[in-house]
Amino acid sequence: MSETLINQSVSPVMSTYQRFPITLVKGKGSYVWDDAGRKFLDYTSGIATCNLGHVPEHVRQKLRNQLDQLWHCSNLYEIPAQNELAALLVEHSCFDQVFFCNSGAEGNEAAIKLAKKYAKDQGNPERSEIITFQQSFHGRTGTTMAATAQEKIHKGFTPLTPGFRYLPYNEMSFLDQVHNGKTAAVLLELIQGEGGVNKAEQEWIETLYNICKKEDILFMVDEVQTGMGRTGTLFAYEQFGIEPDVMTLAKGLGSGFPIGAMLAKTHPAASFQPGTHGSTFGGNPLAASAGIATMEVLLRDGILQQVHSSSLWLIDQLHTLIREEEMVKEIRGLGMLIGIELNIGASAVIEAFRKKGVLVLSAGANVLRILPPLTTTKQELELFIQLFEEVITEVESVAL
Ligand SMILES: *Cc1c(COP(=O)(O)O)cnc(C)c1O
């Protein structure tokens, strides 16, 4: 009996998330409102998902139009919106073909499957491993969890899917292990999001890239978090002077409507043929419409230029602020993906921000992760800096 009583107080939703005590019910632009009517500056963007801010008008209109036409049809029929989104992505990237799915993990699953099949199609069946990097994050499915080189993510879920080899990120001395006769592909984030906002060093990326090119090892970038304008270019790889073979997208692709994608150059893409991979919902008319509208806004409204200048201003202001602050160790990132490494736990700072009406995230225990919408205004950025100064002073007086 007592167990029944206890169960009545347990949420019917499984407790896979440590939730903040806020219930958000409305969003517009850079702001969200909770059920008590409190307004928050949302510098989490739903974890780099609402890149155009909340309820962006053009995406809303496009979704509404599609809502009156056709929500879903299976991938056994032609889907014009999906073709249109694929064409837009291909036109504005170095890739030739797109596979659509519903999430980042599924995009990476598709990439991993493609890499394995490509190696076999090339007559290299012994190349069955994929190299990933420490502190990476690639998803929570069985295989993408195994691709994620973080012990805390694996804990309790062994045996893991085999076939992954982990190397240290940004460490030149380990790169000779990439070419070992067993490697089908490398999969990496150019800026590790969940793992602490760690940016890949140019020289390291170039060396890794050249090894892959030389040995026909697929160079696959996980741009689930860095893609869709987040770093100031449509895709982060553009800033590293490389052309990956495969790229995955999700978070910002539908402005909050769930959609993921795996893009590939012609040579690996040819390894996917009818029957090799698929998805029921992937790129359905509603999801594809959200993607088209998101791409249209990103391409036409000078947003990427704005991300670039906002980022320079924000990072400069943060550097000015921290000159006097002992609490901040380092500021890093690119575009509107900014990490502030602290000498104390990030949770106290997040809490202090929340009390002032600002939502920010962490990336690991000590890194504050700031993800403003790409459309955030100068005034909002100024407000953020002003509040950051207040928060730091408050938290520092308690912590140090
Ligand atoms: C969020 C994220 C994923 C996982 O995406 P889901 O949609 O949650 O499956 C994968 N890779 C990176 C880099 C991410 O940031």
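Structure report, in brief.

Parameters and conventions
Residues numbered from 1 in each chain as written. Predicted model: local features only at pLDDT ≥ 70, side-chain atom pairs only at ≥ 80, totals over all residues. Heavy atoms only, no water. Helix = DSSP H or I, 4+ residues; strand = E, 2+ residues; numbered from the N terminus. Rg over C-alpha atoms; globule rule 2.2 N^0.38 Å. Buried < 20%, exposed > 50% of the residue type's maximum accessible area, 1.4 Å probe, protein only. Contact = heavy atoms within 4.5 Å. Areas by Shrake-Rupley, 256 points an atom, 1.4 Å probe, with all protein chains shown as cover. Pairing = 2+ DSSP bridges. Near = heavy atom within 4 Å. Polar contact = N/O pair within 3.5 Å; in protein donor to acceptor, adjacent residues only side chain to side chain. Nonpolar A, V, L, I, M, F, W, Y, C, P; charged D, E, K, R; others polar. Salt bridge = Lys/Arg side-chain N within 4 Å of Asp/Glu carboxyl O.

Regarding its fold elements, the protein presents 13 helices and 17 strands. Rg of the C-alpha trace for the protein: 22 Å, near the compact-globule value of 21 Å for 400 residues, within the 12% margin. Along the first, second and third principal axes, the C-alpha set of the protein runs to 65 × 60 × 55 Å. The burial tally for the protein puts 55% of its 400 residues in the buried class. Long-range pairs, those at least 24 residues apart, make up 71% of the contacts in the protein with a sequence separation of at least 6. On the protein, roughly 18400 Å² of surface is accessible, and the fraction owed to carbon and sulfur atoms is 53%.

Attention now goes to the pairing of strand E10 (residues 218-222). Along E10, 5 of the 5 residues are buried, which leaves the element largely enclosed by surrounding structure. One ladder, built from 4 bridges, connects strand E7 (residues 183-188) with E10; its direction is parallel. The partner of Ala-185 across the bridge, within E10, is Leu-218. Pairing analysis gives 3 bridges linking E10 to strand E11 (residues 246-249), with the strands arranged parallel. Within the sheet, the bridge partner assigned to Met-220 lies in E11 and is Val-246.

What follows concerns the site of the ligand. Close to the ligand lie 13 residues; Gly-104, Ala-105, Asp-222, Gln-225 and Lys-251 are nearest. Take Ala-105: an N or O atom from its main chain is 2.8 Å from an oxygen atom of the ligand. One of the side-chain N or O atoms of Gln-225 is found 2.8 Å from an oxygen atom in the ligand. A total of 380 Å² of accessible area belongs to the ligand in isolation, and the protein chains cover 81% of it. Partitioning the shell around the ligand into residue classes produces 3 nonpolar, 6 polar and 4 charged.

Per the counting criterion, the structure on display carries 17 salt bridges. Here Arg-369 ties to Glu-194 by a salt bridge, and the two come within 3.0 Å at their closest N and O atoms. Of the two residues, Arg-369 is situated in strand E17 (residues 367-370) and Glu-194 in the loop between strand E8 (191-192) and strand E9 (198-199); the sequence distance between them amounts to 175 residues. Residue Arg-369 is classed as buried on the basis of its relative accessible area of 3%.

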